[in-house]
Amino acid sequence: MKKLIIYGIHPLIEAITSDYNIKKIFILKKLQKQFLYFNNKSNSYKKLINLSKKKKIPIHSVSEHHFLPIKNKNHQGIFSIISHINTFKIKELLPNLYKKKINPFLIILDNITDVRNFGSIVRTSVCAGVNAIIVPNKNTAMINSDSIKTSSGALFKIPICKENSIINSIKFLTNSGLKIVSTTIKSTVNWHNINFLKPTAIIFGNEEKGVNEKYIEISNKIISIPSIHKNISSLNVSVACGIILYEVFRQRKTLKN
């Protein structure tokens, strides 16, 4: 199995706090003094240092040669290596949510292949309280070093369910009591007119093809985000996702209060 490089301060912090097996942290030698300086000045660096000490993870000073695989990345002079990112199956995860008396809030990503969009969606999902993200085994963004960095390490904070058949997963969710909501510019129903208080799974497709018609056909609701500009009918998927997820967050937070 190919190992993953985690680079950047925040992704490393999230990996450590999520109890991933990190055996070493590597810092660029010429930045070591600067790193130690920032340890006294920057909360992020200080937090990473303290976490590494607490978990007894050694920090090694290395030359630029060790950074060649990520030389063009925003690595901030620091990286580590893990064996893999944990993934799950929705049929195993959903019963546990119900067992914990959690009102399921899931999203399904259909053909989201751009790593930056994927990373942004993961990060927003964690902030908005999504319980899991369902993706297909094929035709989806790679769960790799770049998506970890783009999500600022949020990939360590939310279950990613990789499924062989999205349509079978949708049917399973429906039979398990979830309302399936598809997003498409073809709908005339605004996103804020939907009740998201019950168990819900929202499907997002890419900007070019949108959500698969087969998924739309078996959805309970179809929604869109309207645009006042005739020549710009759709939003970037990560932006659209953020708008809708926070409407779910708003409704559920209002209910609790």
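In what follows, the structure referred to is the one given above.
Sequence order as written defines the numbering, with residues in each chain counted from 1. Only residues with pLDDT of at least 70 get local features here, since the model is predicted, and only at 80 or more are side-chain atom pairs given and counted; chain-wide, interface and lining totals rely on the full set of residues. Side-chain metrics in this entry use all non-hydrogen atoms of the structure; hydrogen atoms and water are not considered.

Trainee: Break down the pattern of salt bridges for me, with residues and values.
Mentor: Any two side chains of opposite charge can pair, so long as their charged atoms come close to each other. Criterion for a salt bridge: a side-chain nitrogen of Lys or Arg within 4 Å of a carboxyl oxygen of Asp or Glu. Counted under the stated rule, the structure contains four salt bridges. A salt bridge links Asp19 to Lys55; the shortest N-O distance between them is 2.9 Å. Residue Asp19 is found in the loop between helix H1 (9–17) and strand E2 (25–28), and its partner Lys55 is found in the loop between helix H3 (43–54) and strand E3 (59–62); the two are separated by 36 residues along the sequence. Throughout, exposure labels follow a simple rule: accessible area from a 1.4 Å probe, protein chains only, divided by the maximum for the residue type, with under 20% read as buried, over 50% as exposed, and the rest as partly exposed. Classification of Lys55 as partly exposed rests on a relative accessible area of 39%. Among the salt bridges present, the one from Asp146 reaches Lys73, with a minimum N-O distance of 3.1 Å. Separated by 73 residues along the polypeptide, Asp146 in helix H6 (residues 145–150) and Lys73 in the loop between E3 and strand E4 (78–82) bring together distant segments of the chain. Judged by relative accessible area, Asp146 falls into the partly exposed class, the value being 25%. Put simply, DSSP H or I for four residues or longer makes a helix, DSSP E for two residues or longer makes a strand, and each gets a number counted from the N terminus.

Trainee: Describe the sheet that holds strand E5 (residues 105–110), listing the residues and the values that go with them.
Mentor: DSSP-based pairing: two strands are paired if at least 2 bridges between them are found. Taken together, the six strands give an open sheet; going across it, the order is E7-E6-E5-E9-E8-E10, and neighbouring strands pair in parallel fashion. A strand with exactly one partner marks an edge of an open sheet, and here the two such strands are strand E7 (160–163) and strand E10 (221–223). Pairwise comparison of adjacent strand axes, ignoring direction, gives a mean angle of 25° for this sheet. Sheet analysis places E5 next to strand E9 (residues 200–205), joined by six bridges and oriented parallel. Note on E9: the bridge partner recorded for Asp110 is Gly205. Note on contacts: a residue pair qualifies if any of its non-hydrogen atoms lie within 4.5 Å across the two residues. Throughout, an axis means a line fitted to C-alpha atoms (over the contacting stretch in the case of helices), and angles, computed between N-to-C directions, take values from 0 to 180 degrees. The strands touched by helix H5 (residues 115–128) within the sheet are E5 and strand E6 (132–136), with E5 carrying the most contacts at an inclination of about 170°.

Trainee: Tell me what's going on with the pairing of strand E1 (residues 4–7), and back it up with residues and numbers.
Mentor: The alternating pattern of E1 places Leu4 and Ile6 and Ile5 and Tyr7 on opposite faces, both of which are buried. Sheet topology note: the E1/E4 ladder contains four bridges and is antiparallel. Residue pairing for E4: Leu4 is matched across the bridge by Ile82.

Trainee: Which residues make up helix H9 (residues 237–256), and what values do they have?
Mentor: Working rule for helices: expected span equals 1.5 Å times residues minus one. Its 20 residues place the ends of H9 29 Å apart at the C-alpha level, agreeing with the 28 Å of an ideal helix rising 1.5 Å per residue. Within the span of H9, buried status applies to Val237, Ser238, Ala240, Cys241, Gly242, Ile244, Leu245, Glu247, Val248, Gln251 and Arg252. Where the residues of H9 are buried, they touch E5, H5, strand E8 (179–183), E9 and E10.

Trainee: Can you break down unusual backbone geometry residue by residue, with the values?
Mentor: Notably, Lys56 is not glycine yet its phi reads approximately 60°, a positive angle. Residue placement: Lys56 occurs in the loop between H3 and E3. Backbone geometry at Asn139 places phi at a positive 55°, although glycine is not the residue there. Its location among the elements puts Asn139 in the loop between E6 and H6. For Asn139, a relative accessible area of 58% translates into the label exposed.

Any functional reading would require information beyond the geometric quantities listed.
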